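Coordinate analysis (summary)
In case you want the letters, here they are:
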Amino acid sequence: MEKVKAKKQYGQNFLKDTTILDKIIQSMPTKNNYIVEIGPGLGDLTKNLVKYKDMTAYEVDTDLISILESKFAIEIEEGRLKLIHTDVLEAWDKQKTLHDGRYDLIANLPYYIATNIILRAFEDSACEHIIVMVQKEVAEKFTARVKDKEYSSLGIITELISVDSKILFDVPPESFDPPPKIMSSILYIKKDMDKVLDKDFNKFLKACFVQPRKKLSKNLTSVVSKEAISEIYKELNINDNIRPHEVSSSLYSQMHTRVKDGRNK
């Protein structure tokens, strides 16, 4: 491994376990989609990915860019690898998508921005599959279902925008250099390409879970009047004592529709 010190500011933990790298490759969808990688680090996963498909890698760290340019000089020259030196969130802000055609996001994500990156991938109409390494508890939130302990707005959004979501396998700290203090997981999400993420719905859900152990009706008062809440509850046959984690994704969707209809009257 190159003598590169991981930088805390970028949440760097370099994956060194070849067995895990092989398992990620085996998890790749069989569809002939392009690949986008975020945070290639020292290029260990990149080296495996580029063998199979053309790809783009986004890296923010200047020191790592020079290493990657040297390591993948042939792949870059042949056009099989496009290396972009930028903050991927800024790239999304500018162009709305990370690739012009249908692509799969496969990456070992920095923990501190992993949730934000996945949500941006949900918004990106060109991204179909998401196979990313994240903190285990984050993966559990994205795959949680109603009444699960980890159930939150993330699980609801995932269920509504995907046709499949699951944790493929866990990755122990010793698989990295330096080893993180927590367990990681490989999260898999296949998006429903006919669905679009509603940002207003996302804000609505955040309000619903602002105090997850309180009654849902109390949280809802920040976005709608008590009278409207009572009317919606009656119409949808919702018990007033219900908590946020006890409401299904489809019911949240129905509630949001009625809240929007009320605003537009």
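Remember, it's a predicted structure, so these values are computed and weren't measured experimentally. Along each chain, residues carry numbers from 1 onward, in the same order as the chain's sequence is written. Residues qualify for local features only when their pLDDT is at least 70, as the model is predicted, and side-chain atom pairs are given and counted only at 80 or more; totals for whole chains, interfaces and linings, by contrast, use all residues. To obtain the side-chain values, all non-hydrogen atoms of the structure were used and water was disregarded.

1. Observations regarding the overall build of the protein chain
- Broken down by element type, the protein chain carries 12 helices and nine strands.
- A compact globule built from 265 residues should have a C-alpha radius of gyration of about 18 Å, and the protein chain, at 20 Å, falls within 12% of that.
- Each of the three principal axes of the protein chain carries a C-alpha extent, and together these read 65 × 35 × 30 Å.
- Only protein chains enter the area calculation, which uses a 1.4 Å probe; residues under 20% of their type maximum are buried, those over 50% are exposed, and those in between are partly exposed. Of all 265 residues assigned to the protein chain, the portion counted as buried reaches 49%.
- In the protein chain, of all internal contacts separated by at least 6 residues, the share reaching a separation of at least 24 is 68%.
- Computed with the Shrake-Rupley method and a 1.4 Å probe, the accessible areas treat only the protein chains shown as cover for residues. With an accessible surface of roughly 13500 Å², the protein chain has 47% of that area assigned to carbon and sulfur atoms. By definition, any uninterrupted DSSP run of H or I lasting at least four residues is a helix, any uninterrupted run of E lasting at least two residues is a strand, and each is numbered from the N terminus. C-alpha atoms define the radius of gyration in this analysis, and the globule rule sets the expected value at 2.2 Å times the number of residues to the power 0.38. Whether two residues touch is decided by their heavy atoms; if any such pair falls within 4.5 Å, the residues are in contact.

2. Comments concerning the pattern of salt bridges
- One speaks of a salt bridge when a side-chain nitrogen belonging to Lys or Arg is within 4 Å of a carboxyl oxygen belonging to Asp or Glu. Within this structure, the stated rule accounts for 15 salt bridges.
- The salt bridge involving Lys136 is made with Glu140; its shortest N-O contact spans 3.8 Å. Here Lys136 pairs with Glu140, and both are found in helix α7 (residues 136–143), just four residues apart, close to one helical turn.
- Under the relative-accessibility criterion, Glu140 is labelled partly exposed at 25%.
- In this structure, the salt-bridge partner of Lys136 is Asp170, at a minimum N-O distance of 2.9 Å. You can see Lys136 sitting in helix α7 and its partner Asp170 sitting in strand β7 (residues 162–171), a full 34 residues away along the chain.

3. Observations concerning the sheet that holds β7
- Taken in spatial order, the seven strands make up an open sheet running β4-β3-β2-β5-β6-β9-β7, and their pairing is mixed. Bordering the open sheet on either side are β4 (81–85) and β7, each of which pairs with just one other strand. Here the strands of the sheet are splayed against their neighbours by 15° on average, with no regard to which way each runs.
- Bridge count for strand β6 (residues 127–135) against strand β9 (residues 184–191) is seven bridges, and the pairing is antiparallel. Along β9, the bridge assignment pairs Gln135 with Ser184.
- Lines fitted to C-alpha atoms define the axes here, with helix axes fitted over just the stretch in contact, and angles between the N-to-C directions of these axes take values from 0 to 180 degrees. Contacting β2 (34–38), β3 (55–59) and β5 (103–108), helix α5 (residues 88–95) crosses the sheet at an angle of about 120° to β3. If DSSP finds at least two bridges between two strands, the strands pair.

4. Let's talk about helix α8 (residues 153–161)
- Buried residues dominate α8, accounting for seven of its nine residues.
- Within α8 the residues assigned to the buried category are Ser153, Leu154, Gly155, Ile156, Ile157, Thr158 and Ile161.

5. Quick notes on the packing of aromatic side chains
- Between the rings of Phe, Tyr and Trp (Trp by its six-membered ring), a pair exists once the centres lie within 6.5 Å; its type follows the angle of the planes, with under 30 degrees stacked, over 60 edge-to-face, and the other angles tilted. Throughout the structure, instances matching the rule amount to four aromatic pairs.
- Here Phe201 and Phe204 contribute two aromatic rings whose centre-to-centre distance is 6.3 Å and whose plane-to-plane angle is 25°, an arrangement assigned as stacked. Of this pair, Phe201 and Phe204 both sit in helix α9 (residues 199–208), three residues apart, roughly one helical turn.
- According to the relative accessible area criterion, Phe201 is buried, its value standing at 8%.
- For the ring pair Phe209 and Tyr252, a centre distance of 5.8 Å and an interplane angle of 40° mean the geometry is tilted. Taken as a pair, Phe209 in the loop between α9 and α10 (216–220) and Tyr252 in helix α12 (residues 249–263) lie far apart in primary sequence, 43 residues in all.
- Accessibility expressed as a relative area gives 0% for Tyr252, which makes it buried.

6. As for the packing of α8 against α9
- Running from N to C, α8 and α9 point in directions that differ by 150°, and their axes come no closer than 9 Å. Here α8 runs over α9; the crossing is right-handed. Contacts between α8 and α9 involve Ser153, Ile156, Ile157 and Leu160 on the former and, on the latter, Phe201, Asn202 and Leu205.
- For the contact of α8 with α9, the residue count by class is five nonpolar, two polar and no charged. Each helix crossing is assigned a hand: it is left-handed if the near helix lies turned anticlockwise from the far helix by less than a right angle, otherwise right-handed if that turn is clockwise. Think of it as three bins: nonpolar holds Ala, Val, Leu, Ile, Met, Phe, Trp, Tyr, Cys and Pro, charged holds Asp, Glu, Lys and Arg, and polar takes everything else, Gly as well.

7. Some remarks on the side chain of Ser184
- Here Ser184 shows up in strand β9.
- Apart from residues lying up to four places away in sequence, Ser184 is in contact with Tyr111, Met133, Val134, Gln135, Lys136, Asp170, Val171 and Phe176.

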